[in-house]
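So the chains spell out like this:
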Amino acid sequence: MVRKSFLSHNKTIWGPLELVEKLYPEAEEIGASVRDLPGLKTPLGRARAWLRLALMQKKMADYLRCLIIQRDLLSEFYEYHALMMEEEGAVIVGLLVGLNVIDANLCVKGEDLDSQVGVIDFSMYLKNEEDIGNKERNVQIAAILDQKNYVEELNRQLNSTVSSLHSRVDSLEKSNTKLIEELAIAKNNIIKLQEENHQLRSENKLILMKTQQHLEVTKVDVETELQTYKHSRQGLDEMYNEARRQLRDESQLRQDVENELAVQVSMKHEIELAMKLLEKDIHEKQDTLIGLRQQLEEVKAINIEMYQKLQGSEDGLKEKNEIIARLEEKTNKITAAMRQLEQSDNDLLTQTRTIAMSLVKCASSDTQDQYKLVKDISF
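Heads up: these notes are all about the structure in this document. Note that this is a predicted model, so its numbers are computed, not measured.

1. Considerations on the overall build of the chain
Then, in step 1: Looking only at helices and strands, the chain features 8 helices and 0 strands.
Then, in step 2: Sequence-ordered secondary structure for the chain, helices as α and strands as β, is α-α-α-α-α-α-α-α.
Then, in step 3: Looking at the chain as a whole, 13% of its 379 residues qualify as buried.
Then, in step 4: Long-range contacts, defined here as pairs at least 24 residues apart, represent 63% of the contacts in the chain between residues at least 6 apart.
Then, in step 5: Accessible surface computed for the chain: about 31,900 Å², of which carbon and sulfur atoms make up 58%.

Right under this line is the structure:
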């Protein structure tokens, strides 16, 4: 039960719904849309439009949950024993979450949300034991319901048509007012243009008079200049003939100069061609000279390398000569030793022969003494 409202002394639900905008920033769009809707004059109509928009956004449970959480703020609008102040309010808000599965598309514009909804008599839809077997009455009720639905649909269409006609009439009135203002502005512009046209015509007449006077003065001056031209034409013809002759001479001179210039240009082209050939030959010779220099550097490097190798071979040759000299010296020593050995062998052989001859002569000597003597001689 609502205790008070900001709009009037009547009890309305619009006050708590306005509080939702402060608690839930996303609800500001709904509040602004409800305030901008034409035809809503009562807080009850605004509350109905707000509930329809929240249902279409599928955020009815979220908005009301914000109110349930802030119960200290709701105490300004509800009695302490009201349903929104009890625990059952949170249960109801939880049940409202099931409405999010419904894609609601409710009409807000053109609906009469300010007037009180009439009481619908559902007694005819209730069944009792007496009406179970009465088929004719059920048929009549179905026909009545069809007629009622048709009339409601027709009424809704007529209301929408009337609303559209009202909007068209308003737009036509606005356009008519705008056209009247534009017509007044156009009339004022026509009056200004007429005044400017009259002023321009008067100025045109003055300019025409001045132009005629100037033409008369100019005509007299032209006649005077024509007489002067006729007198000076003869002298001009003579000057023209003289200038023509000079032009002919200068043309011939120019032709000669152009021929000479063509010869000079051809000679210049030939000189440029010869210079290009000479540059090409110079470049080729420079390339050849660079190649020869590279070859010379390579030959120098080879000569240096051969010289180094020659020095190395000379050093090796000197070492080999020294070795050969040493070997020859050793060979000479060995030869001398061999000669000495040969000489000693010859001496030994001579002694052996002598001893053999003495042994033959001394056959009677003891054999053992001869053996020792031979062994001593051999050593």
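Having seen it, we continue.
2. Quick word on the packing of aromatic side chains
Then, in step 1: All told, the structure shown has 2 aromatic pairs when counted by the stated rule.
Then, in step 2: Aromatic pair Tyr24 and Tyr63: ring centres 5.2 Å apart, planes at 75 degrees, arrangement edge-to-face. With a gap of 39 residues between them, Tyr24 in the loop between α1 (14–23) and α2 (28–36) and Tyr63 in helix α4 (residues 60–69) connect regions that are remote in the sequence.
Then, in step 3: Among the aromatic residues, those joined into a cluster by ring pairs are Tyr24, Trp50 and Tyr63.

3. Re a negative patch on the surface
Then, in step 1: A cluster of acidic side chains, namely Glu314, Asp315, Glu319 and Glu322, defines a negative patch on the protein surface.
Then, in step 2: Locating Glu314 in the fold gives a position in helix α7 (residues 135–361).
Then, in step 3: Given the relative accessible area of 41%, Glu314 is considered partly exposed.

4. Remarks on a nonpolar patch on the surface
Then, in step 1: Taken together, the side chains of Val263, Met267, Ile271, Met275, Leu278 and Ile282 present a nonpolar region at the surface, about 530 Å² in accessible area.
Then, in step 2: Along the chain, Ile271 turns up in helix α7.
Then, in step 3: On the basis of relative accessibility, which here comes to 52%, the residue Ile271 falls in the exposed class.

5. What about unusual backbone geometry?
Then, in step 1: Here the phi dihedral of Lys58 falls at roughly 60 degrees; this positive angle occurs in a residue that is not glycine.
Then, in step 2: Tracing the backbone through its elements, the reader meets Lys58 in the loop between α3 (43–57) and α4.

6. A short note on the packing of α1 against α3
Then, in step 1: Following both chains from N to C, one finds α1 and α3 inclined at 50 degrees, their axes separated by 9 Å at the closest point. The angle between α1 and α3 falls in the class oblique. Once α1 is placed against α3, the crossing between them reads as left-handed. Note on element contacts: α3 touches α1 through Pro43, Arg46, Ala47 and Trp50, opposite Trp14, Leu17 and Val20.
Then, in step 2: Tallied by class, the residues present in the contact of α1 with α3 amount to 6 nonpolar, no polar and 1 charged.

7. Brief notes about the packing of α1 against α4
Then, in step 1: One can describe the packing of α1 onto α4 by two numbers: an axis separation of 10 Å at closest approach and a directional angle of 90 degrees. Considering their axes alone, α1 and α4 lie roughly perpendicular with respect to each other. Mapping the contact onto sequence places Pro16, Leu19, Val20 and Leu23 in α1 and Tyr63, Cys66 and Leu67 in α4.
Then, in step 2: Counted by class, the contact of α1 with α4 contains 7 nonpolar, no polar and no charged residues.

8. Thoughts on α3
Since the α-helix turns once every 3.6 residues, residues separated by three or four places project in the same direction.
Then, in step 1: The end-to-end C-alpha distance of α3, which contains 15 residues, comes to 21 Å, matching closely the 21 Å that a straight helix rising 1.5 Å per residue would cover.
Then, in step 2: For α3, the set of buried residues is Pro43, Gly45, Ala47, Arg48, Ala49, Trp50, Leu53 and Ala54.
Then, in step 3: Residues of α3 that are buried sit in contact with α1, α2 and α4.
Then, in step 4: Taken from the residues just after α3, Lys58 is the one with a positive phi, measuring 60 degrees.

What counts, and where the lines are drawn
- Residues numbered from 1 in each chain as written.
- Predicted model: local features only at pLDDT ≥ 70, side-chain atom pairs only at ≥ 80, totals over all residues.
- Heavy atoms only, no water.
- Helix = DSSP H or I, 4+ residues; strand = E, 2+ residues; numbered from the N terminus.
- Buried < 20%, exposed > 50% of the residue type's maximum accessible area, 1.4 Å probe, protein only.
- Contact = heavy atoms within 4.5 Å.
- Areas by Shrake-Rupley, 256 points an atom, 1.4 Å probe, with all protein chains shown as cover.
- Phe/Tyr/Trp six-rings, centres within 6.5 Å; stacked < 30°, edge-to-face > 60°.
- Patch = residues over 30% accessible without salt bridge, like charges linked within 9 Å, V, L, I, M, F, W, Y side chains within 5 Å.
- Salt bridge = Lys/Arg side-chain N within 4 Å of Asp/Glu carboxyl O.
- Lys, Arg positive; Asp, Glu negative; His and termini not counted.
- Charge placed at Lys NZ, Arg CZ, Asp CG, Glu CD.
- Axes fitted to C-alpha atoms, helices over the stretch in contact; angles between N-to-C directions.
- Parallel < 35°, antiparallel > 145°, perpendicular 65-115°, else oblique.
- Left-handed = near helix turned anticlockwise from the far one by under 90°.
- Nonpolar A, V, L, I, M, F, W, Y, C, P; charged D, E, K, R; others polar.
- Expected span 1.5 Å × (residues − 1).

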